[in-house]
Amino acid sequence: MADTSAPTPDVDRTHLPIRDAVFAGKMGRTLDASVPDWGIVQDVQPPAGAPNVLVVLIDDAGYGQASTFGGPIATPNLSKLADGGLRYTGLHTAALCSPTRASLLTGRNHHRVGFGSVGELSGPFPGYSGVVPKDCAPFPKILQQNGYSTAAIGKWHLTPSRAQGPAGPFDRWPSGWGFDYFWGFLSGESGQYDPMIYENDAVDQAYGGPTDRDFYLPDALTDRAIAWLHGTRAHKADKPWFMYYATGCAHAPHHVPEEWSAAYKGMFDDGWDVYRERTFARQKELGVVPADAELTPRDDAFPAWDSLTDDERRLYARQMEVYAGYQENADHNVGRLFDEIERMGEWDDTLVIYIWGDNGASLEGTLTGSFNELTMQNGIPLTGDQQRALIDAYGGLDAWGGPDTAPHCSAAWAWAGNTPFQWGKQVASHLGGTRNPMVVRWPERITDAGAVRGHFAHVNDIGPTVLDAAGIPVPETVDGIAQVPMDGSSFAASFASADAPEHHRQQYFEIYGNRGMYKDGWWASCMLPRIPWDATPNTIRRFAPGVFDPDALEWELYHLPEDFSQARNVAAEHPEKVKELADLWWQEAEDNKVLPLLGGMSAFFGIVPPLRRQTRWTYWGADVQNSPAGIMPPIMNRSYSITAELTVPPEGADGVIVAAFDHLGGFSLFVDGGVLRHTYSFMGVEVYHQQADRPLPTGEVTVRLDFEADAAVMAPAGALTLWIGDELVGEGRLEHTVPIMFNGYSGMDIGRDNGEVVDPVYADRAPFAFAGGIHRVDFDVRQPGRREEAALHHAEVAGQHARHIES
């Protein structure tokens, strides 16, 4: 697709940016004594024949879910691509969202580029910083500086929480990774009905909510991707483009319109054990699992379907119906993008890499699943009866997957979705966490469409493969900085031949202490003795410094050419191979900045960032909207005040003064019927209301909310009072408060309540903008004593890490 309208001079692509063309004309004193050189104003051109490239990444999906790889979830567009391309059965991810994305986009191992954990959590060790070193330039930046147009659409999850506001720094946003255009969300998850969307280097807006029930994020992502393609082609007809299209599906919350889940009604009534058997049989029929493979057994951590009550089965079957519809819709929207590229006449000029999952299916729903995924992450234990009562309170099972819920399915469904492997997301020691389907289509090089490739591959191979296809070398320097070589290697040779030699012969794995080492068909596994969703204190203290000895753990050993599913542990028969691979893992860990082991869990053991000394946050006026959680005032587990200076016109002024998040976790200070009110949702489990005993006066008015915690502890109860000037006008109590986070994706608004609202009483008036004037809003956070403050800070940071480890 490279523009060949003008001759392209020889350029040095090994040092980026490409140097300015040397003027080859002549500058005389006058025009008649001069010779022009139009080459100095030409844009950088990619190599001739460089293709368009589309990389599609689905979130939190397993090897045994998509119908293209034997699962029961209809994925006709993934199958269409496979019929014209190749199914890869040996692709490996990093077993966790951000690490996989960082590895994919840089061509390097995830610890080497600072992403040993999720993007929100920056740590004090190089492998866990959440910041890509400048000597590891992402491959989209290499494409961009070689003449490609570049866009990222959808989930990002590579920007630390503290950098997700208007002050940046923006080198940690998509633009800093080489993307000309970004439209999507920076965090690790998003609601599909009311997302807070970023465009380029700023918040765009919150979409959907009560004012727009027709909005659905997967539809909008594809609409925006198509619009970008149209605009690019309207400007330059021949310039090749690279698009990274990453869905929020199938990460929780599992949101999908009813018509998509209805297609699966009754399909999962036989449960997860039968699901695995049927999927395994289909996988063998398709050839994506060898005929001699064995189905791994159910671990005792997951209950047998037959052991459940009828009520539990009905609940769990409904969870899976929504989960399946959610994924089918994601494939549908990817197909809409395919269809438009084809309609534009560019389908055969486009290399498409479609990866079904950035890790195995997620176990974060724990055994019961949840109507609100963040109850577990906030340490709110709910019995089965409590869970079902809350489901009924929010519309019953029919509402599961709708805007009144933020659901997640049982971990057992996720495990079944990783058929035929053991475990799932986060478990980097086993294939259930690391192996995901991949389909590649490129008519230019793929000659046996519809075939299967079993080559071992890793997401760090994607960048080298794309650069290889475009004829662009991995640069030696970028912006004057010598580059670390890419860890991945191109698998383009396998496009033309199933007999192409293995391009990737050795690879380490590690997430939260779960370790794997692959070399020439052998895989050594060492799983931390911890169920993936268990980050409770009693469990975590077993891994404390001075207590935990990693060398005391046993390694398992599998020979993948003979044991595709890791069903036969042969460590006892090959102790020398176990030692060889265990020693190699430690060597790779040192070379790739994995050390210290459990660096991603260091907050549990007192290694926390310095305390912020700021105690006041001021918002000047009502124009600060959609402030994400990472940059909000830290009111959790503290006493605090919210003071607002208002102008109330003679006719009065209803509306929101400040609101954060929604009815499943959030708070709102607002005026309704002329009366100052406050609503606080404790994750939808309990909701507290307070109101003033008199109307708000007109004119210049100062109102204040005070929360006084009973004690310096996590999730404290406390007294809440409302004030107009110096007069106490309302009071009440919050018996429970949110300790870690209200919500994983929306934010705080001054003067309105965007997206899903905190209090349904004003949902029909959303966003319920304040009708008067807001001059300033101050948050004052009152810190306890030094000792209590340090203890709370440790507990909060550890809780944030637990939230992400459990998820």
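Placed above this text is the structure.
Residues numbered from 1 in each chain as written. Predicted model: local features only at pLDDT ≥ 70, side-chain atom pairs only at ≥ 80, totals over all residues. Heavy atoms only, no water.

Describing the overall build of the protein chain
Using the following cut-off: Numbering of helices and strands runs from the N terminus; a helix is a DSSP stretch of H or I covering at least four residues, while a strand is a stretch of E covering at least two. Here the term buried applies to any residue with accessible area under 20% of the maximum for its type, exposed to any over 50%, and partly exposed to those in between, with areas from a 1.4 Å probe on protein chains only. Computed with a 1.4 Å probe, the accessible areas rest on the Shrake-Rupley method; for each residue, only the protein chains presented here act as cover. For the purpose of charge, His is not counted, nor are the chain termini; Lys and Arg are scored as positive and Asp and Glu as negative. Every charge is mapped onto a representative atom, which is NZ of Lys, CZ of Arg, CG of Asp or CD of Glu.
Scanning the protein chain from N- to C-terminus turns up 16 helices and 31 strands. Seen along its three principal axes, the alpha-carbon backbone of the protein chain occupies a region of about 85 × 80 × 55 Å. The burial tally for the protein chain puts 61% of its 807 residues in the buried class. Approximately 28800 Å² of the protein chain is accessible, and the part contributed by carbon and sulfur atoms is 52%. Of note, the protein chain has its 61 positive side-chain charges centred 4 Å away from the centre of its 107 negative side-chain charges.

Details of the packing of helix H1 (residues 76-83) against helix H7 (residues 310-343)
Defined as follows: All axes here are fitted lines through C-alpha atoms, helices being fitted over the stretch that makes contact, and every angle between N-to-C directions spans 0 to 180 degrees. Comment on the angle field: the value is read as roughly parallel under 35 degrees, roughly antiparallel over 145, roughly perpendicular from 65 to 115, and oblique elsewhere. A contact between two residues is defined here by any heavy atoms of the two lying within 4.5 Å. Ten residue types, Ala, Val, Leu, Ile, Met, Phe, Trp, Tyr, Cys and Pro, are classed as nonpolar, four, Asp, Glu, Lys and Arg, as charged, and the remainder, Gly among them, as polar.
Running from amino to carboxyl end, H1 crosses H7 at an angle of 45°, the nearest separation of the two axes being 7 Å. As summarised for this structure, H1 and H7 are arranged oblique, according to the angle between their axes. Contacts between H1 and H7 involve Pro76, Asn77, Leu78, Lys80 and Leu81 from the former and Asp331, His332, Gly335, Phe338, Asp339 and Glu342 from the latter. Of the residues belonging to the contact of H1 with H7, the class tally is four nonpolar, three polar and four charged.

Comments concerning the sheet that holds strand E16 (residues 506-511)
Rules: The criterion for strand pairing is that DSSP finds at least two bridges linking the strands in question.
Read across the sheet, four strands follow the order E16-E17-E18-E19 without closing on themselves; strand pairing throughout is antiparallel. Each edge of the open sheet is held by one strand with a lone partner, namely E16 and strand E19 (556-559). Shown here is a sheet whose adjacent strand axes are inclined to one another by a mean of 15°, direction ignored.

Some details on the packing of aromatic side chains
Our working rule: Pairing of aromatic rings covers Phe, Tyr and Trp, the last counted by its six-membered ring, and requires centre-to-centre distances within 6.5 Å; plane angles under 30 degrees mean stacked, over 60 mean edge-to-face, and any other angle means tilted. Our definition puts a charge over a ring when NZ of Lys or CZ of Arg is within 6 Å of the ring centre and also within 35 degrees of the ring normal.
For the structure on display, the rule yields 46 aromatic pairs. On the basis of an interplanar angle of 40° and a centroid distance of 5.5 Å, the ring pair of Trp272 and Tyr316 is categorised as tilted. In this pair, Trp272 sits in helix H6 (residues 271-286) while Tyr316 sits in helix H7, placing the two residues 44 residues apart along the sequence. Residue classification places Trp272 among the buried positions, given a relative accessible area of 0%. Taking 5.7 Å as the distance between ring centres and 55° as the angle between the ring planes, the aromatic pair formed by Phe302 and Trp423 counts as tilted. Of the two residues, Phe302 is situated in the loop between H6 and H7 and Trp423 in the loop between helix H10 (411-417) and helix H11 (431-434); the sequence distance between them amounts to 121 residues. Of the two residues, Phe302 and Trp423, neither departs from the other in class, the shared state being buried. Counting every residue linked through ring pairs, the aromatic cluster contains Phe115, Phe139, Trp156, Trp177, Phe179, Phe182, Phe242 and Tyr244. Positioned above the aromatic ring of Trp347 is the side chain of Lys80, whose terminal nitrogen or guanidinium carbon lies 6.0 Å from the ring centre.

Notes on the packing of helix H4 (residues 217-235) against H7
Our working rule: Definitions for this section: a left-handed crossing has its near helix turned counterclockwise from the far helix by less than a right angle. A right-handed crossing has that turn clockwise.
Running from N to C, H4 and H7 point in directions that differ by 15°, and their axes come no closer than 9 Å. Comparing the axis directions of H4 and H7 gives the class roughly parallel. The two elements H4 and H7 cross, and the hand of that crossing is right-handed. Two secondary-structure elements touch here, H4 through Pro218, Asp219, Thr222, Asp223, Ala225, Ile226, Leu229 and His230 and H7 through Asn329, Asn333, Val334, Arg336, Leu337, Glu340, Ile341 and Arg343. Of the residues in the contact of H4 with H7, the class split is seven nonpolar, four polar and five charged.

A look at H7
Because each turn of an α-helix spans 3.6 residues, side chains separated by three or four positions in sequence point in the same direction. Note the threshold: The span you would expect from a helix comes to 1.5 Å times its residue count less one.
Here H7 spans 49 Å end to end across 34 residues, near enough to the 50 Å set by a 1.5 Å rise per residue. Trailing H7 by a residue or two, Gly345 shows a phi angle of about 80°, which is positive.

Focus on the nonpolar core
The condition is simple: Among buried residues, the Ala, Val, Leu, Ile, Met, Phe, Trp, Tyr and Cys ones that are joined through side-chain atoms within 4.5 Å form a nonpolar core.
In terms of nonpolar packing, the biggest core is built from 175 residues, with Leu54, Met243, Tyr245, Trp413, Ile657, Phe667 and Phe779 touching the most fellow members. When residues of this core are assigned to their parent elements, the largest contribution, 12 residues, is made by H7. Counting 55 residues, the second-largest nonpolar core is a separate cluster that includes Ala137, Met196, Ile355 and Val466.

A word on the pattern of salt bridges
As a reminder of what qualifies: By definition, a salt bridge exists where a carboxyl oxygen of Asp or Glu is found within 4 Å of a side-chain nitrogen of Lys or Arg.
Within this structure, the stated rule accounts for 40 salt bridges. One salt bridge connects Asp59 with Arg101, and the closest N-O pair in it is separated by 3.3 Å. One end of the pair, Asp59, is in the loop between strand E2 (52-57) and H1; the other, Arg101, is in helix H2 (residues 97-106), and 42 residues separate them in sequence. On the basis of relative accessibility, which here comes to 0%, the residue Arg101 falls in the buried class. Across the pair Lys577 and Glu580 runs a salt bridge whose closest N-O atoms are separated by 3.2 Å. A residue pair is termed a helical-turn pair when its members lie 3 or 4 positions apart in one helix, as Lys577 and Glu580 do in helix H15 (residues 575-591) at three residues. A residue is classified by how much of its surface remains accessible, and Lys577, at 18% relative accessible area, is buried. Glu580 sits in the partly exposed class, given a relative accessible area of 35%. The network of salt bridges with shared partners includes Asp59, Arg101, Lys155 and Asp358.

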